[in-house]
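Residues per chain, in single letters:
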Amino acid sequence: GELQVNPDDPSVSVVGPISIDAGSLVTDNGFRNGAIRRFILQSGNFPVIAFASTSVEGLPAPVSAGETYTFTLTGDLTIRDITHPVTFQVTITVESDDRLSGSASATIQRSDFELTIPSVPQVAEVSSDVILEIDFTAVRVG
């Protein structure tokens, strides 16, 4: 992904399209990872999960190095060939003038993206809520 941040006026900041390799998602279980990739996300046919930002809200102006901020990031999330609006709660720490890090979290419904869980005996009940968590670091380029 790409971020364009103006520390003096964060309201004009832009979050460029974010692409995630669907085959790179991991859990704490290798068998589960394979099932998610092959059967649920079908990453062989849909290799990319995409997020296109539509709004950034709640950033104060200006932002300063050494400070942590929270805001919301709303946009269109595409999983396989289905797109729905999603709002992430984001926390960032401005580490320096050239670097920031943070995390973002959103809850989606599996059914919104037609993500079905294979029916097998060793799979316990799976929640319809899916929590998406992304940890990131952004470094100034150029």
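Residues numbered from 1 in each chain as written. Predicted model: local features only at pLDDT ≥ 70, side-chain atom pairs only at ≥ 80, totals over all residues. Heavy atoms only, no water.

1. Let's talk about the overall build of the protein chain
Part 1: On a plain count of helices and strands, the protein chain comes out with 1 helix and 8 strands.
Part 2: For the protein chain, the N- to C-terminal ordering of α and β elements is β-β-β-α-β-β-β-β-β.
Part 3: Dimensions along the principal axes, computed over C-alpha positions, put the protein chain at roughly 55 × 25 × 25 Å.
Part 4: A total of 142 residues make up the protein chain; the buried ones form 26% of that total.
Part 5: Sequence separation of at least 24 residues holds for 51% of the intrachain contacts in the protein chain that already meet a minimum separation of 6.
Part 6: As displayed, the protein chain offers around 8,800 Å² of accessible surface, 52% of which is attributable to carbon and sulfur atoms.
Part 7: In the protein chain, which carries 7 positive and 18 negative side-chain charges, the distance between the mean positions of the two groups comes to 12 Å. (Helix = DSSP H or I, 4+ residues; strand = E, 2+ residues; numbered from the N terminus. Buried < 20%, exposed > 50% of the residue type's maximum accessible area, 1.4 Å probe, protein only. Contact = heavy atoms within 4.5 Å. Areas by Shrake-Rupley, 256 points an atom, 1.4 Å probe, with all protein chains shown as cover. Lys, Arg positive; Asp, Glu negative; His and termini not counted. Charge placed at Lys NZ, Arg CZ, Asp CG, Glu CD.)

2. Remarks on the pairing of strand E5 (residues 68–79)
Part 1: Strand direction decides the pairing type here: strand E4 (residues 48–57) and E5, joined by 7 bridges, are antiparallel. Counterpart to Ala50 in the pairing with E5 is Thr78.
Part 2: Note: E5 against strand E6 (residues 82–96), 12 bridges, orientation antiparallel. Its bridge partner being in E6, Phe71 is matched across the sheet by Val90. (Pairing = 2+ DSSP bridges.)

3. What about the pattern of salt bridges?
Part 1: Per the counting criterion, the structure on display carries 3 salt bridges.
Part 2: Put simply, Arg99 and Glu95 hold a salt bridge, and the shortest N to O gap is 2.8 Å.
Part 3: Under the relative-accessibility criterion, Glu95 is labelled partly exposed at 38%.
Part 4: Asp98 serves as the salt-bridge partner of Arg140, at 3.2 Å between the closest nitrogen and oxygen. Placement of the pair is Arg140 in the segment after strand E8 (129–139) and Asp98 in the loop between E6 and strand E7 (99–109), with a sequence separation of 42 residues.
Part 5: A relative accessible area of 52% means that Arg140 is categorised as exposed.
Part 6: Taking relative accessible area as the criterion, Asp98 reaches 42% and is therefore assigned partly exposed. (Salt bridge = Lys/Arg side-chain N within 4 Å of Asp/Glu carboxyl O.)

4. So, the environment of Asp76
Part 1: If you trace the backbone, Asp76 turns up in strand E5.
Part 2: Judged by its relative accessible area of 32%, Asp76 is partly exposed.
Part 3: Considering only alpha carbons, one finds Asp76 and Val86, 10 residues apart in sequence, at a separation of 6.1 Å.
Part 4: Here Asp76 is in contact with Ala50, Phe51, Ala52, Thr54, Thr83, His84 and Pro85, once residues within four sequence places are set aside.

Take it as geometry only, folks, not as evidence of what the structure does.
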